[in-house]
Amino acid sequence: NAGVMQNPRHLVRRRGQEARLRCSPMKGHSHVYWYRQLPEEGLKFMVYLQKENIIDESGMPKERFSAEFPKEGPSILRIQQVVRGDSAAYFCASSPTTDYEQYFGPGTRLTVT
Amino acid sequence: GIQVEQSPPDLILQEGANSTLRCNFSDSVNNLQWFHQNPWGQLINLFYIPSGTKQNGRLSATTVATERYSLLYISSSQTTDSGVYFCAVPIIQGAQKLVFGQGTRLTINP
């Protein structure tokens, strides 16, 4: 059973460009979470999704950030018009049900130049 | 919201030593996870331990939910144990978003 997969692993964008980060949960997991780790900091919750639904986006910045988890395909975290402060590691996690262990992917390291 | 504090922030040990990392949380929780972030940045699940004690090889963890703390024990440390260790708890009972501590940076010297 493959673990949580994220791609790309590294992403470089210039200021003003768009970044798209993908996450494929573990097989049988329908709950997806995104977390962000700024340099030298702990992880902070961004958004929790189930198939076709955003359940909790209380950690998402109000502008430029959006997330989806379509019926088919991976979950996408989209950052429009990136700025240098968006440079961070973005982790995706998945779980099979609520109130269960979350399994993390390897992360996408976004660098904005 | 719930606060999670880890101690010590940094720990430097020689290979073969034992260590204890602590995680305190400010409110009742119904689950707790420990992670190891290796030097390449990957997050490795270590334990899912709402209460009691679990062991996996040289690592073990104990959570005392009534006293709001968890301990991670590493015995006979190896250089591959280096990295940052995080604990995380859900923000409120049954909620899905995890709150992470600031981590303990462990350095094992050969």
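Above this text is the structure in question.
Computed from a predicted model, the values in this text were never measured in an experiment.

J.: Go over the state of the cysteines with me, naming the residues and quoting the values.
T.: Residue and element names in this part refer to chain B. According to the stated counting rule, one finds two disulfides over all chains in the structure shown. Covalent S-S linkage joins Cys23 and Cys87, the inter-sulfur distance amounting to 2.0 Å. Its torsion about the S-S bond being 80 degrees, the disulfide of Cys23 and Cys87 is classed as right-handed. Residue Cys23 is found in strand 3 (residues 19–25), and its partner Cys87 is found in strand 9 (residues 83–90); the two are separated by 64 residues along the sequence. When sorted by exposure, Cys23 lands in the same class as Cys87, which is buried.

J.: I'd like a rundown of the sheet that holds strand 1 (residues 5–7) of chain A, residues and numbers included.
T.: All names here are of chain A. Spatially, 1-3-8-7 is the arrangement adopted by the four strands of the open sheet, whose pairing is antiparallel. The open sheet is flanked by strand 1 and strand 7 (65–68), the only strands paired with a single partner. Averaged over all pairs of adjacent strands, the angle between their axes in this sheet comes to 15 degrees, without regard to strand direction. Pairing analysis gives five bridges linking strand 3 (residues 19–24) to strand 8 (residues 75–79), with the strands arranged antiparallel. Directly across from Leu21, in strand 8, lies its bridge partner Leu77.

J.: How would you sum up the pairing of strand 2 (residues 10–14) of chain B? Please name residues and give values.
T.: If a strand is regular, its side chains alternate between the two faces of the sheet. Residue and element names in this part refer to chain B. Residues Leu11 and Leu13 of strand 2 are buried on one face, while the alternating residues Asp10, Ile12 and Gln14, pointing to the opposite face, are not. Relative to strand 11 (residues 104–109), strand 2 runs parallel, the two being bridged by five bridges. Within the sheet, the bridge partner assigned to Leu11 lies in strand 11 and is Leu106.

J.: Explain the pairing of strand 1 (residues 4–7) of chain B to me, using residue names and the numbers behind them.
T.: Residues and elements named next belong to chain B. Residues Val4 and Gln6 point to one face of strand 1 and are all buried, whereas Glu5 and Ser7, pointing to the other face, are not buried. Summarising the sheet, strand 1 and strand 3 pair through four bridges and their orientation is antiparallel. For Glu5, the partnering residue across the bridge sits in strand 3 and is Asn24.

J.: Got a sec to walk through the sheet that holds strand 7 (residues 59–64) of chain B? Specific residues and values, please.
T.: All names here are of chain B. Strands sit in the order 1-3-8-7-6 across an open sheet of five strands; the sheet is antiparallel. Each having just a single partner strand, strand 1 and strand 6 (52–56) make up the two edges of the open sheet. Neighbouring strand axes in the sheet, compared pairwise and without regard to direction, differ in orientation by 15 degrees on average.

J.: Would you mind going over the nonpolar core in detail, with residue names and values included?
T.: Judged by nonpolar contacts, the single largest core of 23 residues is most densely connected at Trp34, Met46, Leu77 and Tyr90 of chain A. Those elements that provide at least two residues to this core are strand 3, strand 4 (31–37), strand 5 (43–50), strand 7, strand 8, strand 9 (88–95) and strand 11 (108–112) of chain A. Residues Val4, Ile74, Tyr85 and Cys87 of chain B belong to the second largest nonpolar core, which totals 22 residues.

Criteria and thresholds
- Throughout, a residue's number is its position along its own chain's written sequence, starting from 1.
- Throughout, the order in which chains and ligands are written sets their labels, letters from A for the former and numbers from 1 for the latter.
- It should be noted that, the model being predicted, local features are given only for residues of pLDDT at least 70 and side-chain atom pairs only at 80 or more, the latter also being counted only at that level, while totals for whole chains, interfaces and linings use all residues.
- Calculated side-chain values reflect all of the structure's heavy atoms, with hydrogen atoms and water omitted.
- The disulfide criterion used throughout: a pair of cysteine sulfur atoms within 2.5 Å.
- Helix and strand definitions follow DSSP, with helices as H or I runs of at least four residues and strands as E runs of at least two, each counted in order from the N terminus.
- When accessible area is computed with a 1.4 Å probe and restricted to protein chains, residues below 20% of their type maximum are described as buried, those above 50% as exposed, and intermediate ones as partly exposed.
- Two strands qualify as a pair provided that DSSP identifies no fewer than 2 bridges between them.
- Helix axes are fitted only over the stretch in contact, all axes being lines through C-alpha atoms; the angle between N-to-C directions runs from 0 to 180 degrees.
- For the purposes of this section, nonpolar cores are sets of buried Ala, Val, Leu, Ile, Met, Phe, Trp, Tyr and Cys residues that join through side-chain atoms within 4.5 Å.

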